[in-house]
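Each chain, letter by letter, is given below.
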Amino acid sequence: MRSRSPWAPMRHTHLFDASFRRPCQPVRTRHADWSQGSVATMREALLTACVLAAPLPATAHDTWILPARWNVPVGGAVVLDLTSAMDFPTPETAARPDRLVDRRIRIGGVVSSLEVSPAATGARALQLSAAPTAAGLATLWITTRPRTLDLKPEEVEHYLREVGAAETIGERWRRSPDKAWRETYVKVAKTFVRVGVAPNDESWREAVGASLELVPTSDPTTLSPGQELAFVLLWKGKPLADL
């Protein structure tokens, strides 16, 4: 697999303008080999953290940025594939560059833009890149532009069944008088790459400022199989509690 690394990219989070909000608490998951099963466990944890905060989109596609290499030399190219798909880490649909409101890399406290490579016809991922000139832990992230959808009742029911929320969010939605479902969402993806040798770089502790963001509580680039990886879930920069 391409993700033969001691850590895995953080996948997307949806933000909504709907109701049913409820606070959340730090997410915790256990690292094995980031196989499909372990990623599914992480996704379940994220859904537990976020499905109760707001309604869900009508598609189960995840969005992620996956580095070609997890360690690069200073001056070397950090290359990422941005894609949306059903089965991590297999790419499926390349994001359009105009859908991105943010595409950033932070290293050594300096934030700059990621370069976009023109996507070939039929490409399954949009390629982003940077060439850091200093050693450190690079934090990389993207944010999409808001998109608003009006969903039909059958579409809502299908998705809630698919993610196991038919008896929670679904019950509250069915009790609503008009069954209207409008959502505005964005997608946020974030990951880390080590550049050169910088053993004391702890910038993974620092949020990048996304509205809804997972921040690891330990260095995600030093994980070994079986170690636990925990995150603090931030909403507008403040930890959410009491999930």
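Going along each chain's sequence as written, the residues are numbered from 1 onward. Per-residue local features are limited, in this predicted model, to residues with pLDDT of at least 70; the limit for side-chain atom pairs, both in listing and counting, is 80 or more; totals at the level of whole chains, interfaces and linings are taken over all residues. Side-chain metrics rest on all non-hydrogen atoms present in the structure, leaving aside hydrogens and water.

Engineer: Sorry, what's going on with the layout of surface pockets here?
Structural biologist: Unoccupied space between atoms shows up once a probe the size of one water molecule is rolled over them. Residues are called lining when one of their atoms sits within 4 Å of a cavity or pocket point, these points coming from a 1 Å grid over the protein atoms alone, where a cavity is a set in which a 1.4 Å probe fits but cannot get out and a pocket is an open set with protein on both sides within 12 Å along at least five of seven lines. Grid points are joined across faces, edges and corners, and a volume is the space filled by probe spheres set on the points. Looking at the largest pocket, its volume works out to about 350 Å³. Lining the largest pocket are 17 residues, with Ser-84, Ala-95, Arg-99, Arg-147 and Lys-187 sitting closest to its centre. Secondary structure elements are defined from DSSP: runs of H or I of at least 4 residues count as helices, runs of E of at least 2 residues count as strands, and each element is numbered from the N terminus. Taken together, the elements giving at least two residues each to the lining of the largest pocket come down to strand E5 (78-85), strand E6 (93-94), strand E11 (136-144) and strand E12 (147-150). Residues are sorted three ways: Asp, Glu, Lys and Arg are charged, Ala, Val, Leu, Ile, Met, Phe, Trp, Tyr, Cys and Pro are nonpolar, and all the rest, Gly among them, are polar. Each residue belonging to the lining of the largest pocket can be placed in one class, and the counts come to seven nonpolar, six polar and four charged.

Engineer: What's the story with the nonpolar core in this structure? I'm lost.
Structural biologist: Nonpolar side chains in soluble globular proteins generally cluster together in the buried interior. In this description, a nonpolar core means a group of buried Ala, Val, Leu, Ile, Met, Phe, Trp, Tyr and Cys residues linked to one another through side-chain atoms lying within 4.5 Å. Think of it in three bands: residues with accessible area under 20% of the maximum for their type are buried, residues over 50% are exposed, and the middle band is partly exposed, with areas taken using a 1.4 Å probe on protein chains only. Counting residues in each nonpolar core, the largest one holds 18 residues, and the members touching the most others are Val-78, Leu-82, Leu-114, Leu-128, Leu-140 and Ile-142. Going through the elements one at a time, E5, strand E7 (100-107), strand E10 (126-130), E11 and strand E14 (187-195) are the ones with two or more residues in this core. Two residues form a contact once any of their heavy atoms are found within 4.5 Å. In contact with Val-78, other than residues within four places in its own chain, are Val-72, Leu-128, Ser-129, Ala-130, Pro-132, Leu-140, Val-193 and Val-195. Residues Tyr-159, Ala-165, Ile-169 and Trp-181 belong to the second largest nonpolar core, which totals nine residues.

Engineer: Would you explain the environment of Thr-133 in this entry?
Structural biologist: Its place among the elements puts Thr-133 in the loop between E10 and E11. The spatial distance from the C-alpha of Thr-133 to the C-alpha of Gly-76 is 8.1 Å, given a sequence separation of 57 residues. Not counting chain neighbours up to four residues away, the residues in contact with Thr-133 comprise Val-74 and Gly-75.

Engineer: Can you help me understand the packing of aromatic side chains in this one?
Structural biologist: To describe a pair of aromatic rings, you give the distance between the ring centres and the angle between the ring planes. In this scheme Phe, Tyr and Trp rings, the latter by its six-membered ring, pair at centre separations within 6.5 Å, and the angle between planes marks the pair as stacked below 30 degrees, edge-to-face above 60, and tilted otherwise. Tallied over the full model, the rule gives two aromatic pairs. An angle of 80° between the planes, with centres 4.9 Å apart, marks the rings of Trp-64 and Phe-88 as edge-to-face. Here Phe-88 lies in the loop between E5 and E6 and Trp-64 lies in strand E3 (residues 62-67), a separation of 24 residues in the sequence. Overall, the relative accessible area of 1% leaves Trp-64 in the buried class. Under the relative-accessibility criterion, Phe-88 is labelled buried at 6%.

Engineer: Hey, could you run me through the confidence of the model for the protein chain in this one?
Structural biologist: Caution is warranted with low-pLDDT regions, since their predicted coordinates should not be read in detail. A score between 0 and 100, pLDDT records how confident the predictor is in each residue. Here the protein chain averages 78 in pLDDT, while 74% of its residues score no lower than 70. Taken element by element, the protein chain is modelled with least confidence in helix H1 (residues 36-50), mean pLDDT 36, and with most confidence in E10, mean pLDDT 97. In the predicted structure, residues 1-59 sits below a pLDDT of 50 and forms 182 contacts with residues beyond four places in sequence or in another chain.

Engineer: Quick question: what am I supposed to make of unusual backbone geometry here?
Structural biologist: What you tend to see is this: most non-glycine residues have negative phi, and most peptide bonds are trans. Looking along the chain, the bond that leaves Phe-88 and enters Pro-89 is cis, with omega of 5°. The topology assignment puts Pro-89 in the loop between E5 and E6.

Engineer: When you look at the pattern of salt bridges in this model, what are you seeing that I'm missing?
Structural biologist: A side chain with one charge may pair with a side chain of the opposite charge, provided their charged atoms come close. A carboxyl oxygen of Asp or Glu within 4 Å of a side-chain nitrogen of Lys or Arg is what we treat as a salt bridge. Applying the stated criterion to the full structure yields eight salt bridges. For Arg-174, the salt bridge goes to Glu-171, with nearest N and O atoms at 2.9 Å. Within this pair, Arg-174 and its partner Glu-171 are both found in helix H3 (residues 169-174), separated by three residues, close to a single helical turn. By relative accessible area, Arg-174 is classed as partly exposed at 26%. Judged by its relative accessible area of 30%, Glu-171 is partly exposed. Between Arg-194 and Asp-219 there is a salt bridge, with its nearest N and O atoms 2.9 Å apart. Here the residue Arg-194 occupies a position in strand E14, and Asp-219 occupies one in the loop between strand E15 (212-216) and strand E16 (228-235), the gap between them amounting to 25 residues. When its relative accessible area of 12% is taken as the criterion, Arg-194 is described as buried. Asp-219 gets classed as buried once you look at its relative accessible area, which sits at 14%. One connected set of salt bridges, linked through shared partners, spans Glu-157, Glu-171 and Arg-174.

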